[in-house]
Amino acid sequence: MRDEAKIHGGDTPPPPSAPTPEPFIRIEGVSKKFGTFQAVKDVSLTVTKGEVFSLLGGSGCGKTTLLRMLAGFEDPSEGRIFIDGEDMTGVPPWERPVHMMFQNYALFPHMTVEKNIRYGLKHDPLTDAQRDARVREMLELVQLTPFAGRKPHQISGGQRQRVALARALARQPKLLLLDEPLAALDKKLREQTQFELMNIQARTGVTFIVVTHDQDEAMTLSDRIAVMDKGVVRQIGSPTEIYEYPDNRFVAGFIGAITLFDGTLEQLTGDMAQIALPDWGGSVTAHTLPNLRARFQDGLAAGQALTLALRPEKITISRSKPDVANCVAGVVRDLGYFGKDSLYRVVLPSGALVLVHAVNARRTGESGRVADWEDDVWLSFDPDAAILLDGLHP
Amino acid sequence: MTAPAQKRGLAHWFHRRGWSDVMIATPYVWLLVFFLAPFLIVLAMSFATRTPTAPPFSFGGEHPLLNLTGYARLFHDTLYIRAFVTSLLNAGLATILCLLLGYPMALALIRVSAGWRNVLLMLVILPFWTSFLLRVYAWMGLMGSNSWFNKLLTGAYNAVVPTDWALRAIPMMHSNFAVVLVTVYTYLPFMILPLYANLERLDLTLDEAAMDLGSRPLRVFWDVTLPQSIPGIIAGALLVFIPAAGELVIPSLVGDAARPMIGRVISDEFSAARDWPMASSIAVALLVLMVFPMMAYSHYQAKAQHDPTAKGTS
């Protein structure tokens, strides 16, 4: 299902958001209050067996609280959590078929790598030989066999991360919770570890729920993502759905770079909308997305406040006026050259700033660039490239 | 001409690195003057011969320079051996009780909210604001056969046991029980504070990790908290055991005069018997005895720092 989600993209409407043949984890109307602070507000979602599901959001959005409720460290104030059909209300952490990989890994400092991995196994009805075999298997899985006798402070950060993973997987949990699994690693190690993590997930088939604040991490790791803000889930969907078909302005702005323009719907023919966009000094046309139509049912009519969102890579920048409907003139205010691509900040006559991203497909000298500082340029976009959002709700 | 140059040299030295040398040297000088020097005097005294002079000892005579009779008596006279055994047993029992009482209190200190923690820490330290002697006298009052405390306990005791076992008062005073009780009361903060300092540094997510891996809270304590708190336990135990073993005031005031503790014996030898060499011999023996647990502690600490498992393959 991972591949299916990844190749999907482009113009066709996304597949239905929750492909749930057998909901393995079911969170039903869960809320959590700490005193007067509401950390999680009425969250409902399901996770399928074998899925990698991410909870994505900034700090304080409630993602970690939700994870801790799944692990049993916090009790929901309201609502219920089911894991593999079993109601987890009142089930203590030590009886849940769930293991967690902690953000700082929480390895036992007084135990060797091997003893750390073996720790959970003593609660399972196994013989010592079976335990040995399982520990060996885990050490091999994370490629740490030569380090079995070391203490956690004698190995590197990346190795500690793998010990934590092996320890959490040793008892064959139904669900593995990962709290910012890559946050403590440096950038280079992070990429490598990310692939290792996915590899191990594919081999073991364990359901992963990952908490992260890093959108790149969420985009590459996950089958589906729940974007959270202030304790509320703002959208659940595959990485493509979240990126290309955001439900609301918060999600559009949170994932990737984007420029938002406020406008008013002038005319709707089929799914082609004509929008008055003061920042562009006129009208533009764009296709409405299925989720916008779903939100308004048939109530979408002229005069409705809409937000037009444009991703930097979906805007074309050129020196001469292109022969398309949606175009506007501007001046390059800033230019970031990254080699393979460039990022432009273009200021429109109305004063609005637009982010434009262009791939440097041809080798050009300093003079041969598409545009330079203070150059007059034309910006344009395809009606399919824009995202139309409800302008009244964040 | 040379004087100003020298003065400038001294100032120069002081500003460059003298101040740090002085800082580092201060505690060593302190220990040298106030610990090592007196100890050497006591050590020398323990080899002297008792004389009816002032001070009541001298070197020479029958045993020139080294008079080992003091040390010999330590092994022959059962009074000293019994005093040593009583001291070690009382101090050991008090240390274990302090640990059993202090550990849960230290654990509670780190589990409560920050506001409560400050209040409770204050309460732990509060007894130090009253004179130690006064507090021991208070216990004497409580344990005496006419006190309300003793009467209360006696009443409870008599209500439970058969009538022919009934007592007029529980004989608490002048017993090892009283010594251990007051020692535990006095030294409990010295157990709680190092334990608290140790437990406070422990990472509570480790407890959650152990729970997550299937351990119940008691198991988590046994597997995770206890092994990590061993340095705190040792530090607290030493802080209680060493002074408790040499304690003078408590056994003198509430202890059994027929079975004195070693501190009392040293004091009696010095003052009543005026046998300073003998008193010094006992003091030296006590010190040697106390050095062993200290050595065990530093050995453990060194082992924890330079773990032999560090030599793994890489």
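Residues numbered from 1 in each chain as written. Chains lettered and ligands numbered in written order. Predicted model: local features only at pLDDT ≥ 70, side-chain atom pairs only at ≥ 80, totals over all residues. Heavy atoms only, no water.

## What about helix 4 (residues 114-125) of chain B?
An α-helical segment advances 3.6 residues per turn. Residues three or four places apart therefore align on the same side.
Residue and element names in this part refer to chain B.
So, step 1. Taking 1.5 Å of rise per residue, twelve residues should cover 16 Å, and helix 4 covers 17 Å from first to last C-alpha, within 8% of that figure.
So, step 2. When helix 4 is considered as a whole, its buried residues turn out to be R117, L121 and V124. Down the axis of helix 4, the buried set is contained in an arc of 55 degrees. They therefore lie on one face. Along helix 4, the residues that are exposed and aim more than 90 degrees away from the buried face are W116 and N118.
So, step 3. Buried residues along helix 4 sit against helix 3 (78-111) and helix 7 (176-200). (Helix = DSSP H or I, 4+ residues; strand = E, 2+ residues; numbered from the N terminus. Expected span 1.5 Å × (residues − 1). Buried < 20%, exposed > 50% of the residue type's maximum accessible area, 1.4 Å probe, protein only. Arc of directions from axis to C-beta. Contact = heavy atoms within 4.5 Å.)

## Comments concerning the side chain of T86 of chain B
Residues and elements named next belong to chain B.
So, step 1. Its location among the elements puts T86 in helix 3.
So, step 2. Among the polar contacts listed, one links the side chain of T86 to the backbone oxygen of R82, at a separation of 2.6 Å.
So, step 3. Residue contacts for T86: discarding those within four places in its chain leaves N176, R259, P260 and M261. (Polar contact = N/O pair within 3.5 Å; in protein donor to acceptor, adjacent residues only side chain to side chain.)

## Concerning helix 9 (residues 217-228) of chain B
Residues and elements named next belong to chain B.
So, step 1. Taking 1.5 Å as the rise per residue, helix 9 with twelve residues should run 16 Å; its terminal C-alpha atoms sit 16 Å apart, in good agreement.
So, step 2. Inspection of helix 9 places V220, D223, V224, T225, L226 and Q228 among the buried residues, and these make up the whole buried set.
So, step 3. Buried residues in helix 9 make contact with helix 3, helix 7, helix 8 (204-212) and helix 10 (230-245).

## Describing the environment of D268 of chain B
Residue and element names in this part refer to chain B.
So, step 1. Along the chain, D268 turns up in helix 12 (residues 262-270).
So, step 2. Given a relative accessible area of 31%, D268 falls into the partly exposed group.
So, step 3. Along the backbone, D268 and A279 are eleven residues apart, and their C-alpha atoms lie at a distance of 8.2 Å.
So, step 4. When neighbours within four sequence positions are excluded, D268 is seen to be in contact with A273 and R274.

## Comments concerning the interface of chain B and chain A
The parts lose accessible area when they come together, and the size of an interface is often stated as this lost area.
So, step 1. At the interface, 24 residues of chain B touch 29 residues of chain A.
So, step 2. Between chain B and chain A, a total of about 2300 Å² is buried, with carbon and sulfur atoms accounting for 55% of that surface.
So, step 3. Three residues stand out in chain B for area buried against chain A, namely E208, D212 and L213 of chain B, and they jointly supply 31% of the buried area on that side.
So, step 4. Connecting chain B to chain A are three salt bridges.
So, step 5. Among the salt bridges present, the one from R216 of chain B reaches E95 of chain A, with a minimum N-O distance of 3.2 Å.
So, step 6. Counting only elements with at least two residues in the side of chain B that touches chain A, the list comes to helix 8 and helix 9 of chain B.
So, step 7. At seven residues, helix 8 of chain B tops the list of elements feeding residues into the side of chain B that touches chain A.
So, step 8. Its residues assigned to classes, the side of chain B that touches chain A shows nine nonpolar, eight polar and seven charged. (Buried area = accessible area lost by both parts, 1.4 Å probe. Salt bridge = Lys/Arg side-chain N within 4 Å of Asp/Glu carboxyl O. Nonpolar A, V, L, I, M, F, W, Y, C, P; charged D, E, K, R; others polar.)

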